[in-house]
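One-letter residues, chain by chain:
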Amino acid sequence: MKRYAYYPGCSLETMAASYHISAVETAAKLDVAFEEIEDWNCCGATAYSAIDELLAQTLCSRNLAIAEQAGLNVVAPCSACFKNLYFANEHLKADPDLAEHMNFALEADDLHYRGSVSVQHLMHVFVNDVGLEAIKRQVTHPLTGLKVAAYYGCQLIRPRRHDGGGEEGPRFFEDLMTAIGATPVRFGYTLRCCGASLIATNRKVALGMLRDLLRDAKLAGAEVIATACPLCQYNLECYQGDVNREFGTDISIPVVYFTQLMGAAMGIRPKSLGFGRELIPAEPVLACVARKPAAAKTSLGSKVGKP
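For every chain, the first residue of its written sequence is number 1, and the numbers climb from 1 along that sequence. With the structure being a predicted model, the display of local features is reserved for residues of pLDDT at least 70 and the display and counting of side-chain atom pairs for 80 or more, all residues being used for whole-chain, interface and lining totals. Side-chain numbers here rest on the full set of heavy atoms in the structure, without hydrogens or water.

**Topic: helix 4 (residues 79-94)**
Okay, so step 1: Helix and strand definitions here come from DSSP, where helices need a minimum of 4 consecutive H or I residues and strands a minimum of 2 consecutive E residues; each element is numbered from the N-terminal end. Each residue after the first adds 1.5 Å to the expected span of a helix. End to end, helix 4 covers 22 Å across 16 residues, agreeing with the expected 22 Å (1.5 Å per residue, within 8%).
Okay, so step 2: Among the residues of helix 4, Ser79, Ala80, Cys81, Phe82, Lys83, Asn84, Leu85, Tyr86, Phe87, Ala88, Asn89 and Leu92 are the ones counted as buried.
Okay, so step 3: Residues are treated as being in contact if the distance between any of their heavy atoms lies within 4.5 Å. Here the buried face of helix 4 lies against helix 3 (53-70), strand 3 (74-76), helix 5 (96-106), strand 4 (119-121) and helix 6 (122-137). Note on exposure labels: buried denotes an accessible area under 20% of the residue type's maximum, exposed denotes more than 50%, and partly exposed covers the range between, all computed with a 1.4 Å probe on protein chains only.

Now the structure itself:
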């Protein structure tokens, strides 16, 4: 069994509860164990690093130090949390002076960080550590015929990372969707920002960004958008009505977490994956799940490329 220090972040305990429960349920199917970081604290989100970068990295280093004490590498489901933790970790390893400042601050909690921990996004753990072939072996209800727009967002692969994870033309999300029997569509806005917190400061611009993204997914033939970020999921789902009122469009498309789709394909009960909590019902997904496993299984024969 693969074990990781699990960093849920603030969103997965509130608005992204469906992401949390589906992540845990799906991981268990794949023989992956999460141990939640004890007494974890907020990563600083996006805003804090723009206000005080040193303190923001101190927040992240505290979580890393606690994980290091447990002897576990860190996995973060939230893309923003992953980005912050990953780069704080890299900066600490590369800058001895920064590490000294961080460890001085950590002394208040009787902590010290040596830099032995790695940080991965949850999707990286599934695709790279577990592997697509192992995932395919757990599929009992392949999502055959379900057209999915795999939406990376702007933080999962940017900025460019030394491990090659910041490539401009990634395919690992699409490969993951293929592994569970779904059909990823050619989606031009897969790496574009959803508007993030811009909705609070420039509403019309943010709604325009959402319109373009949602419209492109619909034009590509997507029946559902899959995401790996709580803020992306929230913006893309909750503001569809506002987009329609602002621009006279008629867009309605469910937005779910990739872990929910994985869990559904593995035969986990929809309720246990958080289905039913969404504002726009995920009927296309549930229709796939309702099929008899024996009938659907025969169509999962396509090969899956490596990420």
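Back to the write-up after that little detour.
**Description of the nonpolar core**
Okay, so step 1: Membership of the largest hydrophobic core comes to 84 residues, with the highest contact counts inside it found for Val74, Phe126, Ile135, Leu143, Met177, Phe258 and Leu261.
Okay, so step 2: Here this core gets nine residues from one element, more than from any other, and that element is helix 6.
Okay, so step 3: Those residues in contact with Met177, other than ones at most four positions away along the chain, are Val148, Ala182, Ala226, Phe258 and Leu261.
Okay, so step 4: Formed by 22 residues, the second largest nonpolar core is a distinct cluster that contains Phe187, Leu236, Val243 and Ile251. Among buried residues, the Ala, Val, Leu, Ile, Met, Phe, Trp, Tyr and Cys ones that are joined through side-chain atoms within 4.5 Å form a nonpolar core.

**Here we look at the sheet that holds strand 6 (residues 183-184)**
Okay, so step 1: Strand order in this open sheet of four strands is 6-5-7-8, and the pairing throughout is parallel. The open sheet has two edge strands with one neighbour each: strand 6 and strand 8 (255-257). In short, DSSP must find at least two bridges between two strands for them to pair.

**What about the pairing of strand 5 (residues 147-151)?**
Two faces make up the sheet, and in a regular strand the side chains alternate between them.
Okay, so step 1: Buried residues dominate strand 5, accounting for four of its five residues.
Okay, so step 2: Note that strand 5 and strand 6 share two bridges and pair parallel. Residue pairing in the sheet places Lys147 in a bridge with Thr183 of strand 6.

**Here we look at the pairing of strand 7 (residues 224-227)**
Okay, so step 1: Neither face of strand 7 is exposed, since Val224 and Ala226 on one face and Ile225 and Thr227 on the opposite face are all buried.
Okay, so step 2: For strand 7 and strand 8, the ladder comprises three bridges, and the chain directions are parallel. The partner of Ala226 across the bridge, within strand 8, is Val256.

**Description of the state of the cysteines**
Okay, so step 1: Two cysteine sulfur atoms make up a disulfide if the distance between them is within 2.5 Å. Counted by the stated rule, this structure contains zero disulfides.
Okay, so step 2: Left unpaired, Cys42 is separated from the closest cysteine sulfur, that of Cys10, by 3.8 Å.

**Some points on the side chain of Asn41**
Okay, so step 1: With respect to the secondary-structure elements, Asn41 resides in the loop between strand 2 (32-36) and helix 2 (47-51).
Okay, so step 2: Setting aside residues up to four positions removed in sequence, Asn41 forms contacts with Tyr7, Leu59, Arg62 and Asn63.

**Structural notes on the confidence of the model for the protein**
Okay, so step 1: Every residue is assigned a pLDDT by the predictor, reflecting its confidence on a scale from 0 to 100. Looking at the protein, pLDDT values average 90 and 91% of them are 70 or higher.
Okay, so step 2: The model gives residues 295-299 a pLDDT under 50, and that stretch makes six contacts with residues more than four places away or in other chains.
Okay, so step 3: Considering only residues more than four positions removed or in separate chains, one finds that residues 301-307, a stretch of pLDDT under 50, has 17 contacts.

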